[in-house]
Structures are given as C-alpha cells and as structure tokens.
Amino acid sequence: MEKCRDCQICGGCTYQGVPYEDQLSNKFGEVRGLVERKDIKYGQLLPIEPAPHQYEYRNKMEYTFGDMEKNGPTTLGMHKKGHFMSIVTVDECQLVHPDFNRILAGTLKFVQERGYSHYHKRKHTGLMRHLIVRRGVRTGEMLVNICTSSEDGFDEAAYVDMIMNLELEHQVAGILRTINDRLADAVYCDELRVLCGRDYYMEEIFGLKFKVSAFAFFQTNVEAIENLYSYAVGLIDDFENKEVFDLYCGTGTITQVLARKASRVIGIEINEGAVESARVNAQLNGLDNCEFICGDVFKVLETLDEKPEVIVVDPPRVGMTTDAMDKIISYGVDQIVYISCNPKTLVENLYYMQYYGYKVESIKPFDNFCMTKHCESVALLRRQA
C-alpha cells in the first residue's frame with residue numbers, strides 16, 4: 001500500500017512510511033532496552049509477534065471537529081503533529097476499513113453544508129465536537145456516534161437519513177447522539193440519545209459473543225488480540241478446574257476464555273460500565289462460573305475470602321500499584337501472567353515482583369498497533385521456592 005496522504009501532518013501514526021520489519025525491530029528494541037536497563041533477570045525475551053494485518057485493523061476511531069488554520073473551514077479527523085488546536089481531515093486513513101472514511105466524509109459534508117460551528121477549545125463555544133465510529137469485525141455491524149454540545153440546531157433526522165443513505169459494506173446497527181458540555185477536549189456523555197437502531201454492536205472472539213456498548217472499552221485489534229490471548233492462556237501450565245483471578249479485567253474478554261476450563265474465574269475491574277458489559281456477555285455466552293466485581297483491585301482483594309490458584313493481570317498504562325502487587329504476591333500462586341500495554345510500567349512492576357520472589361520466565365512483545373509507537377507484551381512469572 002502507498003504511503004498515507006496525510007502521514008507528514010497527521011498525529012495519529014508514528015511509523016507511516018517505515019518498512020514493517022523496521023517497525024518491529026524498533027518496538028522489540030524498546031522492550032529489550034527497558035528490560036536490560038532495569039536489570040530484569042528473565043529466562044527468555046522472545047521475538048516480537050507481528051500483527052495479522054498492517055492496515056484496516058482498527059475497530060474504533062474517535063475523530064475531532066476543528067479547523068486546520070484559525071477561522072478556516074471546518075475539518076474532521078486527527079490532531080496535527082505538534083499542534084493542539086489544528087485538526088487534519090483524515091478521510092483516506094489506512095488503519096481503518098474504508099467505511100470509516102465514508103462515514104467521516106459524509107459527516108463532514110453534512111456539517112459544512114449546514115454551516116454548523118465546531119467546538120472551540122479555548123472559547124468553549126460551538127456545536128460539533130466529535131465523531132466516534134465502531135465496527136464489529138466478525139459481525140459486520142457498525143455504530144455511529146455523533147458528539148455535540150447542547151446548543152440548538154443539529155438536525156438529528158437529517159443526519160440519520162444521510163448515514164443510512166451512504167454506500168457502506170457494513171450494516172449500521174445504531175446511530176447515536178452524545179451531548180457533551182464539559183470543558184475538556186475529550187468525549188464525555190452528559191446525555192446519550194439513540195437516533196436509530198440500538199446503542200451497541202455485536203462482536204465475536206474465540207467463538208464467544210460480546211455486546212459492545214457505545215462507551216465500553218473493547219480491544220482495538222480483534223485478530224491481534226486473539227493471538228495475544230491464545231499465547232497468554234497457553235502459558236499457564238494447568239488451570240482446569242482451578243480458581244483463577246483475572247485482575248483489571250475490562251469487559252471480561254479473557255475472563256470468559258479462562259472460564260471455559262477453570263472451575264471459577266473472578267474478574268475485577270474499576271470501570272462500572274465495563275463490569276456491567278462483562279456480566280451481560282457472560283450470560284450471553286452461558287457462562288455461569290464467572291463473577292465480576294467492580295472496584296479498585298487492591299480494595300476488592302482485601303475483602304475476598306477466596307484464594308486463587310492462578311492470577312492473570314492486564315492493568316492500564318500506569319501499571320499496578322505497590323499495594324496491589326503486595327496483595328497479589330501474598331497469595332503465593334505458582335504462576336502469574338502479566339499482559340501489558342506499556343513496556344515502561346511493565347518493567348517497573350516486574351522488577352518489584354522479582355525482588356519479592358518471582359522469576360520472570362519469559363517476555364514476549366506483540367505488535368497489535370502497526371504504524372504507531374504502541375506495543376503490547378506478555379510476561380510469565382513463576383514463584384521461586
């Protein structure tokens with residue numbers, strides 16, 4: 001595929017135009033450098049796992065309304081490199097299915113023809129704020145969410161007609177409008193209106209069904225995360241008929257994969273919406289040996305009488321707190337699988353757990369986000385006698 005038209009100005013990608021082998025080498029080198037500088041005593045640092053697809057892999061995009069130049073025409077897309085205020089229209093993005101670009105272009109034309117104002121980040125005035133598009137890779141469903149302020153004037157019925165008349169390969173499962181009057185340049189939901197269809201789409205991973213609501217976290221690269229989760233679960237010697245804790249479980253994707261063999265899996269997650277989605281999805285898949293608890297991992301663990309035999313952790317980018325790690329270490333389980341989206345906090349946590357009796361048997365990076373600087377990793381820790 002040719003280099004992206006907007007690669008010099010769009011802040012969405014770091015590695016556009018860089019040969020893929022070099023991208024993999026750079027990401028692997030970053031992980032290796034962090035591990036060695038922190039003096040992690042590891043058994044194996046395994047080769048980085050390439051992504052199944054380098055293009056059209058993202059199942060979610062969050063676009064921003066703005067302008068490229070002060071008082072210029074309205075644009076819709078990503079922030080310009082190094083410029084907080086400037087927005088680049090990315091209607092030829094290569095990381096998404098072409099239907100994303102069609103919805104973006106149709107929405108921008110709709111807004112420009114009607115003269116709708118975009119939200120000004122400093123003045124805190126204007127109507128149009130964000131466009132969020134989500135896709136069910138395995139189901140062919142799409143969710144379109146237009147985010148505006150509460151200012152009058154947006155023609156909801158006309159917007160629905162425009163989207164439904166686009167020539168798309170996917171089926172539009174729902175068209176939503178989110179009202180957001182917060183000052184921050186981020187998507188918040190003060191009110192959610194279902195303009196057409198439903199407020200969720202369906203996805204399938206490992207043959208399990210997942211109902212993904214408008215603001216629920218879900219893995220961005222479905223095929224790549226299947227590879228990662230298969231590898232992670234395969235690291236565990238034997239968890240059949242055992243009690244497993246899945247900490248920072250999100251919407252419970254890997255929890256439900258584990259529940260197919262474990263006697264019971266407890267998933268803990270601080271995001272209430274994600275926990276609610278996890279419970280719904282477990283019922284959808286007929287899994288009655290999953291329990292999902294909402295709350296801070298350390299605080300919840302302090303209240304539980306159950307003792308795990310295997311622990312899987314998948315914390316956010318900030319990693320785990322020392323309180324949480326101390327509690328996890330106190331269980332004395334033989335194996336801990338650590339899934340990380342941030343190599344820097346991963347090595348900090350590994351160093352701590354290594355000091356308190358766990359050997360890092362292996363670390364394997366995964367390139368789940370081609371063209372970007374981000375890298376996932378899976379580490380296996382084993383308790384020392």
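We now turn to the structure provided with this report. Computed from a predicted model, the values in this text were never measured in an experiment.

1. Some words on the overall build of the chain
Move 1: Of the regular secondary structure elements, the chain holds nine helices and 17 strands.
Move 2: Its C-alpha atoms give the chain a radius of gyration of 22 Å, within 12% of the compact-globule value 21 Å for 385 residues.
Move 3: Referenced to the eigenvectors of the C-alpha coordinate spread, the extents of the chain come out at roughly 70 × 45 × 40 Å.
Move 4: Here the chain holds 385 residues, and 55% of them are scored as buried.
Move 5: Restricting the contact set of the chain to residue pairs at least 6 apart, pairs at least 24 apart contribute 66%.
Move 6: As displayed, the chain offers around 17,000 Å² of accessible surface, 46% of which is attributable to carbon and sulfur atoms.
Move 7: Charge separation in the chain, taken as the distance between the mean sites of 43 positive and 56 negative side-chain charges, equals 4 Å.

2. Focus: the side chain of Thr 75
Move 1: Note that Thr 75 resides in strand β3 (residues 74–79).
Move 2: A relative accessible area of 9% places Thr 75 in the buried class.
Move 3: From its side chain, Thr 75 meets the backbone nitrogen of Asp 67 in a polar contact 3.3 Å long.
Move 4: Among residues more than four places away in sequence, those in contact with Thr 75 are Thr 64, Phe 65, Gly 66, Asp 67, Met 68, Ile 87, Thr 89 and Leu 108.

3. Describing the sheet that holds strand β8 (residues 191–197)
Move 1: Judged by pairing direction, the sheet is mixed, and its seven strands sit side by side in the order β4-β3-β2-β5-β6-β7-β8 without closing on themselves. Unpaired on one side and paired on the other, β4 (87–89) and β8 mark the two borders of the sheet. In this sheet, neighbouring strand axes are inclined to one another by 35 degrees on average, regardless of whether the strands run parallel or antiparallel.
Move 2: Inspection of the sheet shows strand β6 (residues 141–148) paired to strand β7 (residues 171–179) by eight bridges, in the parallel sense.

4. Here's the deal with helix α4 (residues 222–234)
Move 1: Given a rise of 1.5 Å per residue, 13 residues ought to cover 18 Å, and the 18 Å separating the end C-alpha atoms of α4 matches this to within 8%.
Move 2: If you check which residues of α4 are buried, you get Val 222, Ala 224, Ile 225, Glu 226, Leu 228, Tyr 229, Ala 232 and Val 233.
Move 3: Buried-residue contacts for α4 involve β9 (200–205), α5 (253–259), β15 (335–340), β16 (358–366) and β17 (376–383).

5. A short note on the state of the cysteines
Move 1: Applying the stated rule across the entire model yields zero disulfides.
Move 2: The thiol of Cys 189 is unpaired, and the distance to the nearest cysteine sulfur, on Cys 147, comes to 8.0 Å.
Move 3: Here Cys 294 is not cross-linked by a disulfide; its sulfur's nearest cysteine counterpart is in Cys 249, at 9.3 Å.
Move 4: Residue classification places Cys 294 among the partly exposed positions, given a relative accessible area of 35%.

6. Concerning the pattern of salt bridges
Move 1: Tallying each qualifying case throughout the model produces 24 salt bridges.
Move 2: Measuring nitrogen to oxygen at the nearest pair gives 3.6 Å for the salt bridge that ties Glu 276 to Arg 279. You can see Glu 276 and its partner Arg 279 sitting in helix α6 (residues 272–284), three residues apart, about one turn around the helix.
Move 3: A salt bridge links Glu 302 to Lys 327, with the shortest nitrogen-to-oxygen separation between them at 3.3 Å.

7. Looking at the nonpolar core
Move 1: Among the nonpolar cores identified, the biggest contains 80 residues, and Tyr 63, Tyr 159 and Leu 247 are the most heavily contacted of them.
Move 2: Residues within four places of Tyr 63 in sequence aside, it is in contact with Leu 76, Gly 77, Met 78, Val 90, Val 96, Phe 100, Leu 104, Arg 129, His 130, Leu 131 and Val 133.
Move 3: In terms of nonpolar packing, the next biggest core, distinct from the first, is built from 40 residues, Leu 143, Leu 228, Ala 259 and Val 265 among them.

8. Overview of the packing of helix α8 (residues 322–331) against helix α9 (residues 343–355)
Move 1: Two elements in contact, α8 and α9, have axes whose closest approach is 11 Å; the angle formed by their N-to-C orientations is 40 degrees. Of the possible angle classes, the one that applies to α8 and α9 is oblique. The element α8 and its partner α9 pack so that their crossing is right-handed. Residues Thr 322, Met 325, Asp 326, Ile 328 and Ile 329 of α8 form the contact with α9, whose participating residues are Asn 349, Tyr 352 and Met 353.
Move 2: The class makeup of the residues in the contact of α8 with α9 is five nonpolar, two polar and one charged.

9. Some details on the packing of aromatic side chains
Move 1: This structure, assessed with the given rule, holds ten aromatic pairs.
Move 2: Seen in terms of ring centroids, Phe 110 and Tyr 116 are 6.1 Å apart; in terms of plane orientation they differ by 65 degrees. Their pairing is edge-to-face. Taken as a pair, Phe 110 and Tyr 116 share a single burial class, namely buried.
Move 3: Judged by centre distance (5.3 Å) and plane angle (70 degrees), the ring pair of Phe 110 and Tyr 159 falls under edge-to-face. Placement of Phe 110 in helix α2 (residues 98–114) and of Tyr 159 in helix α3 (residues 156–164) is noted, with a sequence separation of 49 residues between them.
Move 4: When its relative accessible area of 0% is taken as the criterion, Tyr 159 is described as buried.
Move 5: Three or more aromatic residues joined by ring pairs form one cluster here, namely Phe 110, Tyr 116, Phe 154 and Tyr 159.
Move 6: The positively charged end of Arg 129 is found above the aromatic ring belonging to Tyr 119, 3.7 Å away from the centroid.
Move 7: One cation-aromatic arrangement involves Lys 364 over Phe 366; the distance from NZ or CZ to the ring centre is 5.8 Å.

10. Here's the deal with the pairing of β6
Move 1: With respect to burial, β6 is a largely interior element, eight of its eight residues being buried.
Move 2: Residues Glu 141, Leu 143, Asn 145 and Cys 147 point to one face of β6 and Met 142, Val 144, Ile 146 and Thr 148 to the other, with burial holding for every one of them.
Move 3: Linkage of strand β5 (residues 128–135) to β6, two consecutive antiparallel strands, is achieved through a turn of five residues, within which Gly 140 is found at a positive phi near 75 degrees.
Move 4: Crossover connection from β6 via α3 to parallel β7: handedness right-handed.

Calculation criteria
Residues numbered from 1 in each chain as written. Predicted model: local features only at pLDDT ≥ 70, side-chain atom pairs only at ≥ 80, totals over all residues. Heavy atoms only, no water. Helix = DSSP H or I, 4+ residues; strand = E, 2+ residues; numbered from the N terminus. Rg over C-alpha atoms; globule rule 2.2 N^0.38 Å. Buried < 20%, exposed > 50% of the residue type's maximum accessible area, 1.4 Å probe, protein only. Contact = heavy atoms within 4.5 Å. Areas by Shrake-Rupley, 256 points an atom, 1.4 Å probe, with all protein chains shown as cover. Lys, Arg positive; Asp, Glu negative; His and termini not counted. Charge placed at Lys NZ, Arg CZ, Asp CG, Glu CD. Polar contact = N/O pair within 3.5 Å; in protein donor to acceptor, adjacent residues only side chain to side chain. Pairing = 2+ DSSP bridges. Axes fitted to C-alpha atoms, helices over the stretch in contact; angles between N-to-C directions. Expected span 1.5 Å × (residues − 1). Disulfide = S-S within 2.5 Å. Salt bridge = Lys/Arg side-chain N within 4 Å of Asp/Glu carboxyl O. Core = buried A, V, L, I, M, F, W, Y, C linked by side-chain atoms within 4.5 Å. Parallel < 35°, antiparallel > 145°, perpendicular 65-115°, else oblique. Left-handed = near helix turned anticlockwise from the far one by under 90°. Nonpolar A, V, L, I, M, F, W, Y, C, P; charged D, E, K, R; others polar. Phe/Tyr/Trp six-rings, centres within 6.5 Å; stacked < 30°, edge-to-face > 60°. Lys NZ or Arg CZ within 6 Å of the ring centre and 35° of its normal. Right-handed = clockwise from strand over helix to strand, strands pointing away.

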